[in-house]
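Summary of structural features
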Amino acid sequence: MRRLKMAVAATVLVGSSLFVGALPAHATPSLRGVVYDYSECIRIGNYGMQNYGWTGPLQCVWTSTGNGSAGLWFIYA
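Residues numbered from 1 in each chain as written. Predicted model: local features only at pLDDT ≥ 70, side-chain atom pairs only at ≥ 80, totals over all residues. Heavy atoms only, no water.

**Observations regarding the environment of Thr-63**
Under the convention used in this document: Labels follow the DSSP assignment, with helices taken as runs of H or I lasting at least four residues and strands as runs of E lasting at least two, numbered in each case from the N terminus. By definition in these notes, contact holds between two residues if any of their heavy atoms fall within 4.5 Å.
Locating Thr-63 in the fold gives a position in strand 2 (residues 59-64). Spatially, the C-alpha atom of Thr-63 lies 7.7 Å from that of Phe-74, the residues being 11 residues apart in sequence. Those residues in contact with Thr-63 that lie beyond four places of it in its chain are Gly-71, Leu-72 and Phe-74.

Shown next as C-alpha cells:
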C-alpha cells in the first residue's frame, strides 16, 4: 500500500510539473523593424514569423513624422 501511495504521489508531482512547464509565456512584442509602407510591414512581419521564429501576434504601428502624410511603420512581433 505504501508503494502505491508513493507511486501515485510521484505521478501527480511529475504531471503537475509538466503542466506548469507547458503554460505559455506572456512576452511583450519586440520591435522587429521599421519600413515606409504598410504592405512591406505585413510582408516582412509574416516572413519573420515563418522563417525566423518571431512570435505573434504581428502588429504594424504607423507613426507620423510630422510632415503631413509622411510616416513610418513599426513592425512588432
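**Brief notes about the sheet that holds strand 2**
Going by this rule: Strands were regarded as paired on the criterion that DSSP finds at least two bridges between them. What counts as an axis is a line fitted to C-alpha atoms, over the stretch in contact for a helix, and the angles between N-to-C directions run from 0 to 180 degrees.
Pairing is antiparallel in the open sheet, where three strands are placed in the order 1-3-2. What marks the edges here is a single partner per strand, and that holds for strand 1 (31-35) and strand 2. In this sheet, adjacent strand axes meet at a mean angle of 25 degrees when their direction is disregarded. Here four bridges tie strand 1 to strand 3 (residues 71-76), and the two strands are oriented antiparallel to one another. In the sheet register, Val-35 faces strand 3, and the bridge partner there is Trp-73.

**Observations regarding the nonpolar core**
Stated formally: By convention a nonpolar core is built from buried Ala, Val, Leu, Ile, Met, Phe, Trp, Tyr and Cys residues, the set being connected through side-chain atoms within 4.5 Å. Accessible area is worked out with a 1.4 Å probe on protein chains only. A residue is then buried under 20% of its type maximum, exposed over 50%, and partly exposed in between.
By size, the foremost hydrophobic cluster in this structure holds seven residues: Val-35, Cys-41, Trp-54, Cys-60, Trp-73, Ile-75 and Ala-77. Here Trp-73 is in contact with Gly-33, Val-34, Val-35, Tyr-36, Asp-37, Tyr-38, Cys-41, Cys-60, Val-61 and Trp-62, once residues within four sequence places are set aside.

**Digging into unusual backbone geometry**
Residue Gly-56 is joined to Pro-57 through a cis peptide bond whose omega torsion reads 0 degrees. Position of Pro-57 relative to the elements: it lies in the loop between helix 2 (38-51) and strand 2.

**Topic: the state of the cysteines**
For the record, the criterion: Cysteine sulfur atoms that pair up within 2.5 Å are treated as a disulfide.
A full pass over the atoms with the stated rule returns one disulfide. Between the sulfur atoms of Cys-41 and its disulfide mate Cys-60 the distance is 2.0 Å. Judged by the sign of its S-S torsion, about -110 degrees, the bond between Cys-41 and Cys-60 is left-handed. Highlighted residues: Cys-41 in helix 2 and Cys-60 in strand 2, separated in sequence by 19 residues.

**Section: the packing of aromatic side chains**
This is how the line gets drawn: Pairing of aromatic rings covers Phe, Tyr and Trp, the last counted by its six-membered ring, and requires centre-to-centre distances within 6.5 Å; plane angles under 30 degrees mean stacked, over 60 mean edge-to-face, and any other angle means tilted.
Scanning all chains against the criterion turns up two aromatic pairs. Both rings, one in Tyr-47 and one in Tyr-52, keep their centres 5.9 Å apart while their planes meet at 65 degrees; by these two values the pair is edge-to-face. Exposure remark for Tyr-47: the relative accessible area of 44% places this residue in the partly exposed category. Taking the relative accessible area as the measure of exposure, Tyr-52 reaches 58% and is therefore exposed.

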